[in-house]
Structures are given as C-alpha cells and as structure tokens.
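Chain residues, written in single-letter form:
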Amino acid sequence: METPKVLKDMASELGKSVKPDSLPLISAETSNEYVTKRVANERPVLKKNTKSAAKLKAGYTKEKRMFEISQMVLFTLLQTTVSALVVVYFRKESFSAFIMSLVFGALLADFMSGLVHWGADTWGSVDIPIVGQAFIRPFREHHVDPVAMTRHDIVETNGDNCFLANTVLLPMIYWCYTGGESWITENHSLLVFTATFTIYVCLTNQIHKWSHMVSGVPRGVKMLQDLHVILPRPHHHVHHISPHETYFCITGGWLNYPLEKVQFFQGLEFVIEALTGYKPREDDQKWLKGE
C-alpha cells in the first residue's frame, strides 16, 4: 500500500527539523549544561502583562473555588484509603517491585504533567465552554503574570490537580472493593504505582509554584530542588523563554531534557498543524501581546 503524499511530506519536513547533533546519543551535553546555556543566552520572560493578567484573574469564580475545595477533600479521603492499603498489604518479598512502582509512578506523573501542560499552553482558548475558563485560563494567566501563582493559596494552587488525581483514584478504589483481598494482594504493585502517581500529580502545581518563588521556599523544599528530586527553579526558567515551546514537564522535570532532544512536542505540533491547520500557541501569544 502506497504511503499518502501528505504523510510523506510531513515526514520529510519533520526530518529536516530534527538536527542530528541534537539527538541525545550524539550530543555529550548534560541536562544541567543545556539549562545553563539556554537561560544565559535567551532570557526567560518573567515580566507581568498587567492588562491581560487582570482579565484572566477575574475568571477565577466562587463556583470554581467550591469545586476545587470539594476535589481536595475527596482526594484526601481517596489517597488515604489507597495508601493505607499499600501499607497493610506490603510484603517484604515484593520490595523490588515496590521500588520499581515508585520510580515508574513518579516518571509517569512527570510525563503527564508535561503532556497536560503542553496541551493547555499550546491549543484551545479561554472561550471554550467550561474547559476554557476552568482549565485553560490558569495557563494563560501564568504566562502573562508568571509570579501570580506564588500569591495563590493552597486551594487555588492544588484544586485542579486533585481533580485529575481523583479520576485515577476512584476506579482504583472501585476495583479494590469489588476484587477484595485477593485482588489487592495480586495487584499490590499497581496500588503502589497509583499512590505514587497520584501523589505527584496532586503536588505538581505546588512544586511548580515553589519553582517561581524567589523567597519563602521551605528549607527542605529547597534541598529537594537542589537534588532535582522535584523541579528546580533554573530548570523551569527554560520553559519561560518566549514563545514557551519547550520544557513542559513540571513535576520533577526529569523528562524535559530527553523529550527536548528528540523534539517530542515539536513533532506532535507539526503533525497536528499539518492535519488541522491550527497553529500552536496562537491564543497564548494573543494574551502575551495584550490583544
């Protein structure tokens, strides 16, 4: 079967955009060296666009806040239940599987933070019913006023992420209830993976907030940033280099460098634009310009 011409053209153009010396197996450059070079040569856009910021801030409603509070309460109940099951059914002979589940849960959370961040930054607008105001608006506000989130309280910072985590925890609780003790024992690694993944998902925006704080970062958090257990401040500045087209992972940021080197998100954007005609970050750039 002959390959359609449009796919051949897309593959050709994508191949041109990926430079051989940018691939991780060829480049000897480390992640830290890359971050240092980018931030030094291309200054992050961290200034506030007052006009756009005021409009976007007004979109945070009482109804949205009540929704966030309800999701935080629900997350606390669900996560406590899953974590308790992890502890109660832990067996020392499954320790290696336990560690692997922790690692993969954290890595998936980092990848998903990048995918969601990329999607909300790159596509859609605040005018989309429900989704626009509830979920895309905060991303637009963050780019026109990057430090606004440092003034958000615990509810506004973490509410949406608790909702996302709950969509994973609810079915897990259901399976544990219907499967009983035998199911829980057989799928203990899945429980560990789920608990780790959802804890990191819940904390992602808090971690993101800490990466933007100039002062007031708790000493323990600063240590975790320096050890790159969570997203370091200089690392995240790469994302804020206009036009905000890279380094989307904001949980630990561990996957940003390899995803950048293989141009993962750039490739997705190329394919989507070729198939739909929609230009990436078009709405985001309008808000940045105050249009």
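Numbering of residues begins from 1 in every chain and follows the order in which that chain's sequence is written. Residues qualify for local features only when their pLDDT is at least 70, as the model is predicted, and side-chain atom pairs are given and counted only at 80 or more; totals for whole chains, interfaces and linings, by contrast, use all residues. Note that water and hydrogens are dropped before the side-chain values are worked out from all heavy atoms of the structure.

**Q** What is the right way to look at the confidence of the model for the chain in this model?
**A** One rule of thumb: low pLDDT means the predicted coordinates there are not for detailed reading. In predicted models, pLDDT denotes the confidence assigned by the predictor to each residue on a 0 to 100 scale. Of all residues in the chain, 79% have pLDDT values of 70 or greater, and the mean over the chain is 83. A low-confidence stretch, residues 13-29 (pLDDT under 50), is modelled with 22 contacts involving residues beyond four sequence positions or located in other chains. Here, two residues are considered to be in contact whenever any of their heavy atoms come within 4.5 Å of each other.

**Q** What exactly am I supposed to notice about unusual backbone geometry here?
**A** Excluding glycine, residues mostly have negative phi values, and the peptide bonds linking residues are mostly trans. Look at Tyr 247: it is not a glycine, yet its phi comes out positive at around 55 degrees. The helix count covers DSSP runs of H or I at least four residues long, the strand count covers runs of E at least two residues long, and both are numbered beginning at the N terminus. In this fold, Tyr 247 is placed in the loop between helix 10 (233-237) and helix 11 (256-261). Exposure categories follow from relative accessible area, calculated using a 1.4 Å probe and restricted to protein chains: below 20% of the type maximum is buried, above 50% is exposed, and the middle band is partly exposed. Note on Tyr 247: relative accessible area 2%, which makes it buried. Phi at Arg 281 is positive, roughly 60 degrees, even though this residue is not glycine. Tracing the chain through its elements places Arg 281 in the loop between helix 12 (264-276) and helix 13 (282-289).

**Q** Explain the environment of Asn 161 to me, please; I cannot follow it from the model alone.
**A** The residue Asn 161 is located in helix 7 (residues 154-186) in this model. For the pair formed by Asn 161 and Tyr 200, sequence separation is 39 residues and the distance between their alpha carbons is 9.4 Å. When residues no more than four places from it in sequence are discounted, the contact partners of Asn 161 are Val 201, Cys 202, Thr 204 and Asn 205.

**Q** Please clarify how the side chain of Ser 101 should be interpreted in this entry.
**A** Inspection of the secondary structure assignment puts Ser 101 in helix 5 (residues 95-122). Relative accessible area serves as the criterion here: at 8%, Ser 101 is assigned to the buried category. Ser 101 has contacts with Ser 189, Val 192, Phe 193 and Thr 196, leaving out every residue within four places of it along the chain.

**Q** Looking at this structure, I do not really get the pattern of salt bridges. What am I missing?
**A** A side chain of one charge can pair with a side chain of the opposite charge if their charged atoms are brought near each other. Salt bridges are counted wherever a side-chain nitrogen of Lys or Arg sits within 4 Å of a carboxyl oxygen of Asp or Glu. Scanning the entire structure with this criterion turns up 9 salt bridges. One salt bridge in this structure joins Lys 64 and Glu 68, with 2.6 Å as the shortest N-O distance. Here Lys 64 pairs with Glu 68, and both are found in helix 4 (residues 62-88), just 4 residues apart, close to one helical turn. The exposure classification of Lys 64 matches that of Glu 68, with both residues buried. For Glu 273, the salt bridge goes to Lys 279, with nearest N and O atoms at 3.4 Å. If you follow the salt bridges from partner to partner, you end up with Lys 64, Glu 68 and Asp 160 in one network.

**Q** Even after reading the chapter, I still don't get a nonpolar patch on the surface, so can you show me in this structure?
**A** The grouping of Phe 90, Phe 95, Ile 99, Leu 102 and Val 103 at the surface amounts to a nonpolar patch, some 390 Å² of accessible area in total. The topology assignment puts Ile 99 in helix 5. For Ile 99, a relative accessible area of 34% gives the class partly exposed. Patches draw on residues past 30% relative accessible area with no salt bridge. Two like charges within 9 Å are joined, as are two nonpolar side chains (Val, Leu, Ile, Met, Phe, Trp, Tyr) within 5 Å. With residues, only the protein chains shown are counted as cover, and all accessible areas are computed by Shrake-Rupley using a 1.4 Å probe.

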